[in-house]
Each structure stands twice: as C-alpha cells, then as structure tokens.
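A look at the structure
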Amino acid sequence: MWAVAMSLMPGFMLACQREEAESGSVYYGDIDGILQQNCMRCHQDGGQARSFADPADAQAMAPNMAAYVQSGLMPPPAPDPECRDYDGSEHFNLDAEEWSRLIGWADAGAPLGDPALATAPPAPDTLERYDQVLTPDLPYSPDFSAGQDDYRCFRFDMGNDAPLYLTALEALVDDLSVVHHVVLFDATGAQASEDPTGFSCDGFGEDGWSFVSGWAPGGNPLRLPEGMGLELAPQSVLVLQIHYYNSFDGADLVVDNSGYGFQVAEAVDKIVYNFPVGAFDFVIPAGNPAYKNGLIVPWQERWGRATILGVFPHMHKLGSAFDMSVAHPDGTRDCVVEMDGWDFHNQVSAMLKEPQVVEAEDTVFLECTWDNSATNPEQSNDPPQDVSWGEGTGEEMCFGFTYLTLED
C-alpha cells in the first residue's frame, strides 16, 4: 500500500526536494556536482586524501569540509583565474555561489536528498589517444629505508631518427596513494643510467637534464595549441622521474608502474620551448613569515618577441605565494600567474586561455613569497633555520617553468 502511494506521488516528492533545496542545499543534484568538479580529483578511492566517493562519507565529513573551505585551506591554493584564466580553472577554484552552497549545506546538517536527482559524474579529463606510452619495464616498490621520500628515475631511449614533436602529454599514474609527482626530463646528450630497474635521482633532475612536463595530484593533461609541439632531437633520451611519498604505513609495499602517454607529430607549425624563469640567489631568514624574493628578466636579452602559452609554478614546502607578470615600457603591467597561497602537494600548471605576448623591450617579473616561521605547518626545522636555494624539499625554489613560442 505504501509503495503504491509513493509511486503515485512523484510531484509531491519533487516539490519537497525543491523546498529542501531552497532552505539549504542537499547532496544529490547540488553538492555532489561541486565535489565532483572541485574535490574528487584528489578525494577519490585510492588517492592520498580521504575519499568523498561514498555520499555517506561526504556527509560525515561535511563539518570538516566547511571548516577547511571557510579557512581558505580547501580547495588547495591554485592560480587565480581573475589574474588570467587558464584551462581547467573551474576545477581548482570555488566561486562565491559554490562556496555559499557548500557552507550552507554543512550548516544545515548535510542532508542527502533524493538519489534519483544525483549529478552524473563528469567524464574523466584524459587524452583521447596515446601515440606513445612510456612505462618502466618492471614495476617498482618505493624505498623509504633512508627515512626520506624516494625519487626514482627511469631512462627511455626514444630511437627517433628525425626530430619528433610532443603535442599533448599526460601522466599515467598507477597508484595515487604513493605517487607525489611525476616529471619528464629531456636528457639527450647527458648522463642517465640504463638500469631497467631505475635509479635514484635528485628531485630537480641531474646535470644536463631539461624539464619537459610535470604532474602533481589533481593536475590535468598538457595539451598544446593546434600545430604546436615540444621538439625532441633525433635519438633523444627521456627520463621519467617519479616522486614516491611515504604517506602511510605500508607505503613501501605498494607496487607501482606509473608512466607518461604522448600524442606526437612529425612536423609542427611552431616549436614550443620550455624556458625556466627562476631565482637562485636568495636566503629566507629564519622566523620570517613573509619573505619575498624573485627575478627580473629583461626580455630582449633572452628571447626577443615571444608568446607565453602557460606556466608551471614551482616552490617547495615554505612557499606561500607566487606572482609572475609582464611589464611594458609605457608603465602598464599584465598579470600572467598569481597565487595567494601555495600547496606543495597540489602543483598546477596554468595553460593560458589567452596567451601573453612579450615584446623584446618588455620585462618579466617573478616574485615568490615564503613563510619560514615556526607556525608554518610545513616547517621542517625546529627551530626555524635560514633556508636557501636547493633541490631537496627542505630547501627552496622559485621557478616558473614557462611554455612559449618565438615570433617573427
């Protein structure tokens, strides 16, 4: 009898659902969409963060979600699209309306609502095909016996007789629970072990290696504009670096086989270059909560007229803000990447929707801010110590790995 009555009352139930949504958001059809778009890139089954895939888990975590969102800790800091919008920015930032809905839902007791109104999960952001895939011949279990994270590198001889162009790249992460980041280097003409089991390497690569692309948790595939590609010289050598993170008891038992997938072309209209804009000569004073340093690049001394397609910002654990801009002779300045906040565990590339043209007479400014105080939760030293440039996570960096093309 009850089942019959319910089957005759869909309009009544829908009206109740709307009334509930008006007085406070519900999970199904409302909050689930926000979590899928902005949170589940990290909070998924098998990831390093607690999964929100089960609605009951999301409901139980609602007070914590609200507290982290209100404090600005979540979503993790990412480039501000108000500076210059970039591909995928909607996945890394909550707008004011989404922020309000999420807080209101938690304050109302995190009601679930009607599962029939659930938001369909978005399609995964992945390349539609891979022309080449690089994965180590043998899976690897991370070694944390030294009490530190494990940086493991694997060499790949591409065997290309002619130049080859990478037009799209995607990190293929096997086990999200231990893979902190994946970086691809070009080691053509440099030293790189041929050991099929891989070899230990510095976090910033070895002498003669050049950065090609990088991924950190939550990152998207790198797609270059039509007709453009990163050039690999004939008989090129690539090195895949995987940073393994000792994130839980038993992490050293994980067997991982992460790699990289590419789309390639034999010719392109424009070559894309990777120009690392970075500062080296700095010392962050112990105890300073907001130390700033950076780099001024007179562009004509480097490239001439160029177009910046995107930037991969990079600092270490003490980082707290990142800013890159282009100043013109008339006194105006264009914002390229701006981040009020930094999360070493969530490093995002910003491939610009509107590329930035840099004329020969322009100047590029890069500024990093670090928090070297005792109150920084990422502080590695007790008490704080002066910190300078270095490749280790206990040292610091200030880089904008910049993808650009040269103009005639």
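The present account deals with the structure reproduced in this document. (Residues numbered from 1 in each chain as written. Predicted model: local features only at pLDDT ≥ 70, side-chain atom pairs only at ≥ 80, totals over all residues. Heavy atoms only, no water.)

Check the secondary structure of the chain and you find 6 helices and 20 strands. By the compact-globule yardstick of 22 Å for 408 residues, the chain fits well, its C-alpha radius of gyration being 23 Å. Projected onto its principal axes, the C-alpha positions of the chain cover 80 × 50 × 50 Å. Counting all 408 residues of the chain, 47% fall into the buried class. (Helix = DSSP H or I, 4+ residues; strand = E, 2+ residues; numbered from the N terminus. Rg over C-alpha atoms; globule rule 2.2 N^0.38 Å. Buried < 20%, exposed > 50% of the residue type's maximum accessible area, 1.4 Å probe, protein only.)

Overall, the coordinates contain 3 disulfides when judged by the stated rule. Here C83 engages in a disulfide with C335; their sulfurs sit 2.0 Å apart. Residues C83 and C335 share a disulfide whose torsion about the S-S bond is about -105 degrees; that sign makes it left-handed. Here C83 is found in the loop between α5 (62-71) and α6 (96-107), whereas its partner C335 is found in strand β16 (residues 333-339), with 252 residues between them in sequence. The class of C83 is buried, set by a relative accessible area of 17%. Judged by relative accessible area, which is 21%, C335 ranks as partly exposed. Cysteine pairing in the chain follows 1-4, 2-3, 5-6, where each cysteine in a disulfide is numbered by its order in the sequence. (Disulfide = S-S within 2.5 Å.)

Extensive coverage of strand β10 (residues 259-265) is indicated by the burial of 7 of its 7 residues. Burial of β10 is two-sided: the residues G259, G261, Q263 and A265 facing one way and the residues Y260, F262 and V264 facing the other way are all buried. Of the strand pairs in this sheet, strand β1 (residues 132-134) and β10 are connected by 3 bridges, and their pairing is antiparallel. What sits directly across from L134, in β10, is Y260. Two strands pair when backbone bridges link them, and strand β3 (residues 164-172) and β10 are joined in this way by 7 bridges, in the antiparallel orientation. Paired with L169 across the two strands is F262, which belongs to β10. (Pairing = 2+ DSSP bridges.)

Another point: the sheet that holds strand β9 (residues 237-244). The strands making up a sheet are joined through hydrogen bonds of the backbone, oriented either antiparallel or parallel. Here 5 strands make up an open sheet; going across it, the order is β5-β2-β9-β4-β6 and the pairing antiparallel. Bordering the open sheet on either side are β5 (199-200) and β6 (210-215), each of which pairs with just one other strand. Sheet analysis places strand β4 (residues 179-186) next to β9, joined by 7 bridges and oriented antiparallel. Following the sheet pairing, D186 is matched in β9 by L238.

Here we take up the environment of Y273. In this structure, Y273 sits in strand β11 (residues 270-278). Residues contacting Y273, with those up to four places away along its chain left out, are W303, T402, Y403, L404 and L406. (Contact = heavy atoms within 4.5 Å.)

Turning to α5, its buried residues are A62, M65, A66 and V69. Seen from one end, α5 has its buried residues packed into an arc of 95 degrees, which puts them on one side. Its buried side turned inward, α5 meets α3 (27-38), α4 (55-60) and α6. Two residues or fewer past α5, G72 is found with a positive phi of approximately 85 degrees. (Arc of directions from axis to C-beta.)

Pairing within the open sheet is antiparallel, and its 4 strands lie in the order β13-β18-β15-β16. Pairing within the sheet leaves two strands with one partner each, and these edge strands are β13 (291-298) and β16. With direction set aside, neighbouring strand axes in the sheet form an average angle of 15 degrees. By the bridge criterion, 6 bridges tie strand β15 (residues 319-327) to β16 in an arrangement that is antiparallel. For S325, the partnering residue across the bridge sits in β16 and is C335. (Axes fitted to C-alpha atoms, helices over the stretch in contact; angles between N-to-C directions.)

Counting residues in hydrophobic clusters, the biggest one holds 50 residues, and the most contacted among them are L169, W209, Y260 and F262. Looking at this core element by element, the count peaks at 6 residues for β9. Residues W299, V311, M324 and V326 belong to the second largest nonpolar core, which totals 35 residues. (Core = buried A, V, L, I, M, F, W, Y, C linked by side-chain atoms within 4.5 Å.)

For the structure shown, the criterion picks out 9 salt bridges. The salt bridge involving R223 is made with D125; its shortest N-O contact spans 2.8 Å. Placement of the pair is R223 in strand β7 (residues 222-223) and D125 in the loop between α6 and β1, with a sequence separation of 98 residues. With relative accessibility at 35%, the residue R223 sits in the partly exposed group. On the basis of relative accessible area, D125 is assigned to the partly exposed category, the value being 37%. (Salt bridge = Lys/Arg side-chain N within 4 Å of Asp/Glu carboxyl O.)

So, on to a nonpolar patch on the surface. Taken together, the side chains of Y68, L73 and M74 make up a nonpolar region of the molecular surface, amounting to roughly 280 Å² of accessible area. One can find L73 in the loop between α5 and α6. (Patch = residues over 30% accessible without salt bridge, like charges linked within 9 Å, V, L, I, M, F, W, Y side chains within 5 Å. Areas by Shrake-Rupley, 256 points an atom, 1.4 Å probe, with all protein chains shown as cover.)

With that settled, consider α6. Taking 1.5 Å per residue, 12 residues should reach 16 Å; α6 reaches 16 Å between its end C-alpha atoms and fits that length. Residues E98, L102, I103, W105 and A106 constitute the buried set of α6. The buried residues of α6 occupy one face: seen down the axis, they fall within an arc of 160 degrees. Residues of α6 that are exposed and point over 90 degrees away from its buried face: A96 and D107. For α6, the secondary structure elements touched by its buried residues are α3, α4 and α5. The first or second residue beyond α6 is G109, which carries a positive phi of 95 degrees. (Expected span 1.5 Å × (residues − 1).)

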